[in-house]
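# Working through the structure, step by step
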Amino acid sequence: MKKVNNLYVIDDDKIYHFLLKTLLKQNGIDTNATFFCNGQDAIDHIKKNNTEESTPDLILLDVNMPIMNGWQFLEEFRKLSPNLTKKPTIYMISSSNNEVDIQKAKDFNDTVKDYFLKPICREDIEKIFVV
């Protein structure tokens, strides 16, 4: 299991936050998880906290959110990325099984490692957290 010190979950669904916390705990994954309800809050946080200790190792990103959606987040993140102290791994996790969204995630292949459909399960968690 790879070590993920800091996990950022960017998703506006509070039930998903709860379920993900439970899934991580059930699978013995000990990480410092920070939850954001939209991409703008996450971008602002990353800008203010660009240190080795606070920059996330892993980001789980939803597509559909208010204020700043997942695609807008990725555009802003690409601008910030060259100045970050480390490069986080990003997974898109969405309820959208729309082929347009899945293909769009592939267009961000330099930034997005994979696309998972909600609800994520133990097998998905293993794919994300196992080297």
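Please read all numbers here as calculations on a predicted model, not as lab measurements. (Residues numbered from 1 in each chain as written. Predicted model: local features only at pLDDT ≥ 70, side-chain atom pairs only at ≥ 80, totals over all residues. Heavy atoms only, no water.)

Right, let's get into the overall build of the protein. In terms of regular secondary structure, the protein is built from 5 helices and 5 strands. Starting at the N terminus, the α and β elements of the protein follow one another as β-α-β-α-β-α-β-α-β-α. Expected size for 131 residues packed as a compact globule is a radius of gyration near 14 Å; at 14 Å, the protein falls within 12% of this value. C-alpha extents for the protein along the principal axes are approximately 35 × 35 × 25 Å. When burial is assessed residue by residue, the protein has 47% of its 131 residues classed as buried. Within the protein, contacts between residues separated by at least 24 positions form 74% of all contacts whose residues are at least 6 apart in sequence. As presented, the protein carries roughly 7100 Å² of accessible surface, and 50% of it is formed by carbon and sulfur atoms. Positive and negative side-chain charges of the protein, numbering 17 and 20 respectively, have mean locations separated by a distance of 3 Å. (Helix = DSSP H or I, 4+ residues; strand = E, 2+ residues; numbered from the N terminus. Rg over C-alpha atoms; globule rule 2.2 N^0.38 Å. Buried < 20%, exposed > 50% of the residue type's maximum accessible area, 1.4 Å probe, protein only. Contact = heavy atoms within 4.5 Å. Areas by Shrake-Rupley, 256 points an atom, 1.4 Å probe, with all protein chains shown as cover. Lys, Arg positive; Asp, Glu negative; His and termini not counted. Charge placed at Lys NZ, Arg CZ, Asp CG, Glu CD.)

Before going further, it helps to spend a moment on the pairing of strand E1 (residues 6-10). In terms of burial, E1 is a largely internal element, 5 of the 5 residues being buried. Residues Asn 6, Tyr 8 and Ile 10 of E1 are buried on one face, and the alternating residues Leu 7 and Val 9, pointing to the opposite face, are buried as well. Relative to strand E2 (residues 32-36), E1 runs parallel, the two being bridged by 5 bridges. Residue pairing across strands places Tyr 8 opposite Thr 34, the latter belonging to E2. As a crossover connection, the stretch from E1 through helix H1 (residues 14-26) into E2 is right-handed. Sheet topology note: the E1/strand E3 (residues 58-61) ladder contains 4 bridges and is parallel. When the sheet's bridge partners are listed, Leu 7 is paired in E3 with Leu 58. (Pairing = 2+ DSSP bridges. Right-handed = clockwise from strand over helix to strand, strands pointing away.)

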